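Structural overview for review
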Protein chains: 2
Amino acid sequence: MSVLTLNCPVPVAVRDQVMLGHGSGGKLSAEMMREIFLPAFSNETLARLDDQAVVNIGGSRIAFTTDSFVVKPLFFPGGDIGSLAVHGTVNDLAMGGAKPLFLSVAFIIEEGLSMEILRRVVASLGRAAEACGVQVVTGDTKVVDKGSGDGVFINTTGIGVVPDGLFLSASQARAGDAIILSGSIGDHGIAILAEREGIEFESPVVSDSAPLHELVADMLRSSNAIRCLRDPTRGGVSSALNEIATQAHVGMLLQEESIPVRDEVRGACEMLGLDPLYVANEGKLLAIVDPSDTDRLVAVMRANPLGRAARRIGTVTKSDPGWVTMRTVFGTTRIVDMLAGDQLPRIC
Amino acid sequence: MSVLTLNCPVPVAVRDQVMLGHGSGGKLSAEMMREIFLPAFSNETLARLDDQAVVNIGGSRIAFTTDSFVVKPLFFPGGDIGSLAVHGTVNDLAMGGAKPLFLSVAFIIEEGLSMEILRRVVASLGRAAEACGVQVVTGDTKVVDKGSGDGVFINTTGIGVVPDGLFLSASQARAGDAIILSGSIGDHGIAILAEREGIEFESPVVSDSAPLHELVADMLRSSNAIRCLRDPTRGGVSSALNEIATQAHVGMLLQEESIPVRDEVRGACEMLGLDPLYVANEGKLLAIVDPSDTDRLVAVMRANPLGRAARRIGTVTKSDPGWVTMRTVFGTTRIVDMLAGDQLPRIC
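Residues numbered from 1 in each chain as written. Chains lettered and ligands numbered in written order. Predicted model: local features only at pLDDT ≥ 70, side-chain atom pairs only at ≥ 80, totals over all residues. Heavy atoms only, no water.

The two faces of the sheet receive side chains in turn, since in a regular strand these alternate between them. Residue and element names in this part refer to chain A. Counting buried positions along strand S7 (residues 152-161) yields 9 of 10 residues, so the element is predominantly enclosed. The pairing of strand S2 (residues 60-69) with S7 spans 8 bridges and is classified as antiparallel. Counterpart to phenylalanine 64 in the pairing with S7 is isoleucine 159. As paired elements, strand S5 (residues 99-110) and S7 share 10 bridges and run antiparallel to each other. Each bridged residue has a counterpart across the sheet, and for phenylalanine 102 the counterpart in S7 is isoleucine 159. (Buried < 20%, exposed > 50% of the residue type's maximum accessible area, 1.4 Å probe, protein only. Helix = DSSP H or I, 4+ residues; strand = E, 2+ residues; numbered from the N terminus. Pairing = 2+ DSSP bridges.)

Mapping chain B onto chain A leaves a residual RMSD of 0.0 Å; the transformation is a rotation of 180° accompanied by 0.0 Å of translation along its axis. One copy is carried onto the other by what is essentially a two-fold rotation axis. Residues of chain B ranked by C-alpha distance from the rotation axis are headed by Gly149(B), positioned 2.2 Å from it. Residue by residue, 100% of the interface of chain B is reproduced at the interface of chain A, so both copies engage with the same surface. (Least-squares fit on C-alpha atoms with pLDDT ≥ 70 in both. Contact = heavy atoms within 4.5 Å.)

All names here are of chain A. Structurally, chain A comprises domain 1 (51-161) and domain 2 (170-335). For domain 1 and domain 2, the distance between their C-alpha centres works out to 24 Å. Each side of the interface is counted separately: domain 1 has 19 residues, and domain 2 has 20 residues. For the domain 1 and domain 2 pair, buried surface summed over both sides reaches about 1,700 Å², with 61% attributable to carbon and sulfur atoms. Contact with domain 2 buries area across many residues of domain 1, yet Pro77, Asn91 and Met95 alone supply 33% of it, more than any other trio. Across the contact surface, domain 1 and domain 2 share 1 salt bridge. (Domains from an automatic or database assignment. Buried area = accessible area lost by both parts, 1.4 Å probe. Salt bridge = Lys/Arg side-chain N within 4 Å of Asp/Glu carboxyl O.)

With that settled, consider helix H1 (residues 27-41) of chain B. With 15 residues, H1(B) extends 20 Å from end C-alpha to end C-alpha; this agrees with the ideal 21 Å at 1.5 Å per step. Approximately 40° is the largest bend angle found in H1(B), and it occurs at Met33(B). Buried within H1(B) are the following residues: Leu28(B), Ser29(B), Glu31(B), Met32(B), Ile36(B), Phe37(B) and Phe41(B). Those residues of H1(B) that are buried are in contact with S5, helix H4 (115-132) and strand S6 (135-144) of chain A together with helix H2 (44-47) of chain B. (Expected span 1.5 Å × (residues − 1). Bend = angle between axes of the 7 residues up to and from the residue.)

Turning to the pattern of salt bridges, a few remarks are in order. Counted by the stated rule, this structure contains 36 salt bridges over all chains. Residue Asp140(B) is joined to Lys142(B) by a salt bridge in which the shortest nitrogen-to-oxygen separation is 2.9 Å. Each member of the pair, Asp140(B) as well as Lys142(B), is classed as buried. Among the charged side chains, a network of salt bridges with common partners joins Asp50(A), Asp51(A), Arg230(A) and Glu243(A).

Take a look at the structure:
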């Protein structure tokens, strides 16, 4: 199962073609960003490489973010491509501290898709948007011939407003900061994988897909000490933290025993040879915060149903800038590198 | 060649699946919008069904529009999917009178796409954005497995600012208004079709793909009498005018002899059994304007290279609300219905 090759080295000669790993959110994605996209679109806002752009229009700070969703299968325990397309974009806005306001939705449908499936996806998307308090105000539909797509792909692009004076960005992280995680990791990726490969567990694994903007609002209301927020989606916790470490030129040291992983997820990962640190989440966030505010912030997060298992998982360090390391449960230290290959394609 | 079936009646039983015609911008697209999308996302802004939403943020009127591009082939005379993805979204913003400011760009790439082709597409997109004065500030890349996509699909979503006091909308059209067209029709659709099917002409047909925001700025600077602008892309002039007629509950009467069609395009259409009124354009606009300003506005448009062949092509009528009719060159009158089937799939 090529799906499960973890950190496989990629022969350089193959890189004259796009590979699945280029969409993994790991090393190959970063390489493609650096070599193909950044040179063509160079500007300061894009170069910050946050999950959302923040632009100034008429005195308002507008957050703007886009995501395409190609998850397979379309329906999975805990959600579907429609609800995921809302949560993913709402969360990218929330990670910039923005209040999500409006969404555009664009469908690329493969000829022959059942109208009933489309109706279910669209209805789910509509319900998720309503639950998040965001309006779908514009859209587009394209149809491609059979065999040129795969059921339906959805792009959602969101705009929101960032409060005055708030500036969350990966570049803000500094040595001594605490790293807080909002809950258990790996649920989304394992739920998708199990559904796709027909793997059954004693207690089923359900995606954590959820909108985090209210959790973020609670956090921002109670603390001025948040430097940066990131939702560890594709590429998991490891890739999100590596991106921050690179952007801010800092190191990070994690404590393995403090990182919550559900028993079913841990079991599935062991069976399949996966590392939960690389598995996607769709309803979790990482916060980099001034250490003085850690306890208060963790308490605030735990009061929200989506942050019940929040805890500090590590520290930003001055040493090893650009690297994430982890003190394991065995007392050893290992490097937590960015995902190199394609662990789980089409996870979102 | 199913590609060329024009206005084919669609058996109702087939509509439990999505067909290529649902992406045509014609009757089936409108039906899908009405039956699947509008019920799920109901809100006032979306219900206006303009090419862009205009929302109010902090006192600014922000135009917001999304489009996915699935054109086949990726490169064609006069452009490529990269430049088209910029022009299409810039034009949707411009049709609302907005100054285009920022773009998001999201790629869905099929595994195995040549990195060199991707590089060319991305570079072209970057050049087009720069030429339009818009910044690509955020993006996303997904990779799907071979056979689940087709090279590359691109979503661009744009935001711009609408000047105070300006309200262009299809619903504004009223009886007596003049209908102005900025130039010859059918160039984009025929260029794509010729490239795709390997049809050669004595003088090659080149796509009209171009950004119209400066032409629109010229027009708005010189006239307060513009009710609505529309770029006749998928579904062509016929679908754009039918949409306005439906939204504004007005009729429209066109003069066939006043509608400019290049000789090569007319010849290709005759040979292939196509009606230029249904063929896509990517650098033309329709303006509905108070009749008193027609001559001045046409003169202003002709002074811009993208409006050199501008002329009045018809009149908005009180009679036949919801219908577009045309006085033919033979002196007869015919109904110009919305596109019913799929004339040219994957044209944009």
